[in-house]
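Survey of secondary and tertiary structure
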Amino acid sequence: MDAVEHPCDGRQYSSKSQFRRVTRAHGCVEVGNDAARFKTPQKPKVDRAAVKTSIEKAVARVNRGERISQ
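Now for a description of the structure that goes with this document. (Residues numbered from 1 in each chain as written. Predicted model: local features only at pLDDT ≥ 70, side-chain atom pairs only at ≥ 80, totals over all residues. Heavy atoms only, no water.)

**Observations regarding the side chain of T23**
With respect to the secondary-structure elements, T23 resides in helix α1 (residues 16-25). A distance of 2.8 Å separates a polar side-chain atom of T23 from the backbone oxygen of F19. When residues no more than four places from it in sequence are discounted, the contact partners of T23 are H6, C28, V29 and E30. (Helix = DSSP H or I, 4+ residues; strand = E, 2+ residues; numbered from the N terminus. Polar contact = N/O pair within 3.5 Å; in protein donor to acceptor, adjacent residues only side chain to side chain. Contact = heavy atoms within 4.5 Å.)

Here it is as structure tokens:
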């Protein structure tokens, strides 16, 4: 990791284990996780059967002559 200044003692640390050791030594707790920023969000699952049914219904309505009024 890049060197960061520790808020408890003001020193620079480039080792995460040393940073955490100083945090615990001062009675503090490390909160949060930056790794979540770098994860790609999961796309919602598409219910293909529902999409297919919806398309079939729309095609049937068009074939019956229904039109959307504007």
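**Some words on the pattern of salt bridges**
In this structure the tally under the stated criterion is three salt bridges. Where E30 meets R20, a salt bridge forms, and the shortest distance between an N and an O atom there is 2.9 Å. Of this pair, E30 sits in the loop between α1 and α2 (35-38) while R20 sits in helix α1, placing them ten residues apart in sequence. Accessibility expressed as a relative area gives 34% for R20, which makes it partly exposed. Through salt bridges that share partners, R61, R64 and E66 make up one connected network. (Salt bridge = Lys/Arg side-chain N within 4 Å of Asp/Glu carboxyl O. Buried < 20%, exposed > 50% of the residue type's maximum accessible area, 1.4 Å probe, protein only.)

**Side note on the environment of D9**
Its location among the elements puts D9 in the loop between β1 (4-5) and β2 (12-13). With relative accessibility at 29%, the residue D9 sits in the partly exposed group. Separated by 17 residues in sequence, D9 and H26 place their C-alpha atoms 8.8 Å apart. Excluding residues within four positions of it along the chain, D9 makes contact with V22 and H26. Reaching out from D9, the side chain makes a polar contact with the backbone nitrogen of R11 at a distance of 3.0 Å. A distance of 2.6 Å separates polar atoms of two side chains, one belonging to D9 and the other to Y13.

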